[in-house]
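Observations on the three-dimensional arrangement
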Amino acid sequence: MNFSSPNPWAFSPKDEAFHSPDGQYEVAFWRIGEIAMSGPWGGDCAIVKDNLKLLIDEHCAAPVVWDEASQRMALPIWCEGRVQQIAVIDVGNAMYHLYARTYGVLWLKNFHGDLITGINSPVYRTKQLQFDLRLEEMERSKQLEWQEVDLPPF
């Protein structure tokens, strides 16, 4: 397994993958820490455009993936029991959608159309991920708000 950055165990705010394809948005992480000793990382997360921030969650993980149009971004969210779920952020409508299925550790690779691909559990009992948004059950959605927020230095 090639553990190039960004991956669930090592990522930096400077990683190119955190920028939308059109260059208008970037993903900012702070208060990053290991979920367990030597485990994958997680932390607070926001999408940033100019001086506006769209606060996502306090339990975000990486890597993130953007769709081709830079309108949706998918990322793993840490949930109770040290499992992950996939969240999709619709930046144009400022909507957060969390999907019900749970995973071990996600390494998202691509977001094309309504299909998110990647790897579930990249170290142990590895499985390829084919996540079709049209077929998956949504657990909940919530409206987010663009706001001027000072983020900690990265």
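Before going into details, it helps to say that this report is about the structure given with it. (Residues numbered from 1 in each chain as written. Predicted model: local features only at pLDDT ≥ 70, side-chain atom pairs only at ≥ 80, totals over all residues. Heavy atoms only, no water.)

What to know about the pattern of salt bridges
All told, the structure shown has seven salt bridges when counted by the stated rule. The partner of Glu 136 in a salt bridge is Arg 101, with the nearest N and O atoms 3.1 Å apart. Here Arg 101 lies in the loop between β7 (95-99) and β8 (106-112) and Glu 136 lies in the loop between β10 (127-132) and β11 (138-143), a separation of 35 residues in the sequence. Exposure remark for Glu 136: the relative accessible area of 17% places this residue in the buried category. A salt bridge links Asp 114 to Arg 134; its shortest N-O distance comes to 3.9 Å. One end of the pair, Asp 114, is in the loop between β8 and β9 (115-120); the other, Arg 134, is in the loop between β10 and β11, and 20 residues separate them in sequence. (Salt bridge = Lys/Arg side-chain N within 4 Å of Asp/Glu carboxyl O. Helix = DSSP H or I, 4+ residues; strand = E, 2+ residues; numbered from the N terminus. Buried < 20%, exposed > 50% of the residue type's maximum accessible area, 1.4 Å probe, protein only.)

A short note on the packing of aromatic side chains
What the rule picks out here adds up to five aromatic pairs. Where Tyr 25 meets Trp 66, the ring centres are 5.9 Å apart and the plane angle is 15 degrees; that geometry is what we call stacked. Note that Tyr 25 is positioned in the segment before β1 (26-34) and Trp 66 in strand β4 (residues 65-66), a separation of 41 residues in sequence. Comparing Tyr 25 with Trp 66 shows no difference in burial state: the two are buried. (Phe/Tyr/Trp six-rings, centres within 6.5 Å; stacked < 30°, edge-to-face > 60°.)

Thoughts on the sheet that holds β8
Taken in spatial order, the three strands line up as β8-β9-β10 in an open sheet, and their pairing is antiparallel. Taken across any chain shown, the strands that pair with only one partner, and hence form the sheet edges, are β8 and β10. Geometrically, the sheet is characterised by an average inter-axis angle of 20 degrees between neighbouring strands, direction not taken into account. The pairing of β9 with β10 spans six bridges and is antiparallel. What sits directly across from Ile 119, in β10, is Gln 128. (Pairing = 2+ DSSP bridges. Axes fitted to C-alpha atoms, helices over the stretch in contact; angles between N-to-C directions.)

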